[in-house]
2 protein chains.
Amino acid sequence: MPTMSAADRREVLRREYNANLAECPGHEILATLSDKWVTLVLSALADGPLRHSEIARIVAGATQKMLTQTLRKLERDGLVQRAVTASVPPRVDYELTELGFGLLPIQRAIKAWAESHIAEVHAARARYDKE
Amino acid sequence: MPTMSAADRREVLRREYNANLAECPGHEILATLSDKWVTLVLSALADGPLRHSEIARIVAGATQKMLTQTLRKLERDGLVQRAVTASVPPRVDYELTELGFGLLPIQRAIKAWAESHIAEVHAARARYDKE
DNA sequence: CAGAATCCCCTACGATACTG
DNA sequence: CAGTATCGTAGGGGATTCTG
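Because the structure is a prediction, the values reported are computed rather than measured.

## Brief notes about the overall build of chain A
Scanning chain A for helices and strands turns up 6 helices and 3 strands. The helix and strand sequence of chain A, counted from the amino end, reads α-α-α-β-α-α-β-β-α. Here chain A has a C-alpha radius of gyration of 21 Å; the compact-globule value for 131 residues is 14 Å, and the former is much larger. Pairs at least 24 residues apart make up 45% of the contacts formed inside chain A by residues separated by at least 6 positions. Carbon and sulfur atoms make up 56% of the accessible area of chain A, which totals about 7,700 Å². Each charge class in chain A was averaged separately, 18 positive and 17 negative side chains, and the resulting centres sit 5 Å apart.

Structure representation (structure tokens):
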């Protein structure tokens, strides 16, 4: 009976590790938070409910597809609520849920750290690239 | 001379917006922070310096390529310091810089929020998926 | 031990067009 | 206005192999 090679054993460990990682709350939230458009949509909604087209205007960088996709994801995660008013033309409003509001302080913390340390990061990069 | 179509104008706006976004400190840091392996390497180094192979053992899910790539990026951003001891076999130690340590509280904040709210997120998902 | 280099796949995103 | 559906592509990441 063949023994596992060292490489095989390492790969088993890798798969286990990654499986655990997928269930790690921190990474789930980080995955949400780090989505390019999530942050922007969240900030846009911080001041109050907005219609789809209003969000599109504010978050002008997103394609319509990405916008809808982002909103769906946020809705699914319970961070954003969708309110449809049946009429012609249809009216759809989005607003943050309580859970969604809870994420804002974290976003602000990241932004604050970023703004006060970005210069150091840029300096470090310049140093690194020069060599 | 042809006037710009509405679609063209929108696209110009999109490009400008995205260009600005690339320079936004918040997004730069978020991009770093959200990298799958950055978080794990950072936490691994939180307790003190480690050798390359030790990090590889702790962050067992990363391939060698990803590990080196991550470490280089962190080094470039001035978050991690690399100390080479010329010998046979070579010895390379990595440790957090002061800047790197500064990132840990943010990571912890995200983790804390995640752990106390992940249940709500999962519940919301279950609700959404059922419909 | 530390790591650079290569190949290759897969999906995330953008562009475009159509519907209620 | 608020979406869905489809297609094409660039890049991130994994597996593998090779060096000092």
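Right, picking up where we left off after that structure.
## Examining the protein's contact with DNA strand D
For DNA strand D, the set of nearby residues contains 20 residues, the closest of which are Arg 14, Arg 82 and Tyr 94 of chain A together with Lys 65 and Met 66 of chain B. Between DNA strand D and Arg 82 of chain A, the relevant distance is 2.5 Å, taken from a phosphate oxygen to a side-chain nitrogen or oxygen of the residue. Contacts to DNA strand D include Tyr 94 of chain A, whose side-chain N or O atom sits 2.5 Å from a phosphate oxygen. Residue composition of the surface near DNA strand D, grouped by class: 7 nonpolar, 5 polar and 8 charged.

## What about the pairing of strand E2 (residues 80-85) of chain A?
All names here are of chain A. Pairing of E2 with strand E3 (residues 91-96) involves 6 bridges; the strand directions are antiparallel. Bridging from a neighbouring strand, Ala 83 pairs with Asp 93 of E3. The hairpin turn running from E2 into E3, its antiparallel successor, is 5 residues long.

## A closer look at the relation of the copies chain B and chain A
For the pair chain B and chain A, the relating rotation is 180°, the translation along its axis is 0.0 Å, and the fit reaches an RMSD of 0.1 Å. A rotation of that kind, with that shift, is consistent with a two-fold axis. Among all residues of chain B, the minimum C-alpha distance to the rotation axis is found for Ser 34 of chain B, at 2.7 Å.

## Quick notes on the side chain of Thr 70 of chain A
Residues and elements named next belong to chain A. Relative to the elements of secondary structure, Thr 70 occurs in helix H5 (residues 64-76). Relative accessible area serves as the criterion here: at 3%, Thr 70 is assigned to the buried category. A distance of 2.7 Å separates a polar atom in the side chain of Thr 70 from the backbone oxygen of Met 66. Beyond its immediate chain neighbours, meaning those up to four positions away, Thr 70 contacts Asp 35, Trp 37, Val 38 and Val 41.

## Brief notes about the UniProt feature "domain: HTH hxlR-type" (unreviewed entry) in chain A
When the UniProt feature table is mapped onto this chain numbering, "domain: HTH hxlR-type" (unreviewed entry) sits at residues 24-122 of chain A. Taken end to end, residues 24-122 of chain A has its terminal C-alpha atoms 31 Å apart, with 66% of it in helix and 14% in strand.

## Looking at the packing of helix H3 (residues 36-45) of chain B against helix H6 (residues 98-130) of chain B
All names here are of chain B. At their nearest, the axes of H3 and H6 sit 10 Å apart, and the two run at 115° to each other. Of the possible angle classes, the one that applies to H3 and H6 is roughly perpendicular. Relative to H6, the crossing made by H3 is left-handed. When H3 is examined against H6, the residues Thr 39, Leu 42 and Ser 43 are found in contact with a partner set consisting of Leu 103, Leu 104 and Gln 107. Its residues assigned to classes, the contact of H3 with H6 comprises 3 nonpolar, 3 polar and no charged.

## Side note on the sheet that holds strand E2 (residues 80-85) of chain B
Paired through their backbone hydrogen bonds, the strands of a sheet run either parallel or antiparallel. With respect to topology, 3 strands assemble into an open sheet ordered E1-E3-E2 (chain B), the strand pairing being antiparallel. Each end of this open sheet is capped by a strand with a single partner; those strands are strand E1 (50-51) and E2 of chain B.

## A few points about the sheet that holds E3 of chain A
Residue and element names in this part refer to chain A. Reading across the sheet, the 3 strands line up as E1-E3-E2 and stay open at both edges, with antiparallel pairing between neighbours. The open sheet is flanked by strand E1 (50-51) and E2, the only strands paired with a single partner. Helix H3 (residues 36-45) contacts E1, E2 and E3 of the sheet and is inclined by roughly 95° relative to E3. Against the sheet, H5 makes contact with E2 and E3, and its axis sits at roughly 110° relative to E2, the strand it touches most.

What counts and what doesn't
Residues numbered from 1 in each chain as written. Chains lettered and ligands numbered in written order. Predicted model: local features only at pLDDT ≥ 70, side-chain atom pairs only at ≥ 80, totals over all residues. Heavy atoms only, no water. Helix = DSSP H or I, 4+ residues; strand = E, 2+ residues; numbered from the N terminus. Rg over C-alpha atoms; globule rule 2.2 N^0.38 Å. Contact = heavy atoms within 4.5 Å. Areas by Shrake-Rupley, 256 points an atom, 1.4 Å probe, with all protein chains shown as cover. Lys, Arg positive; Asp, Glu negative; His and termini not counted. Charge placed at Lys NZ, Arg CZ, Asp CG, Glu CD. Near = heavy atom within 4 Å. Polar contact = N/O pair within 3.5 Å; in protein donor to acceptor, adjacent residues only side chain to side chain. Nonpolar A, V, L, I, M, F, W, Y, C, P; charged D, E, K, R; others polar. Pairing = 2+ DSSP bridges. Least-squares fit on C-alpha atoms with pLDDT ≥ 70 in both. Buried < 20%, exposed > 50% of the residue type's maximum accessible area, 1.4 Å probe, protein only. UniProt positions renumbered as here; feature names shortened; annotations may be inferred. Axes fitted to C-alpha atoms, helices over the stretch in contact; angles between N-to-C directions. Parallel < 35°, antiparallel > 145°, perpendicular 65-115°, else oblique. Left-handed = near helix turned anticlockwise from the far one by under 90°.

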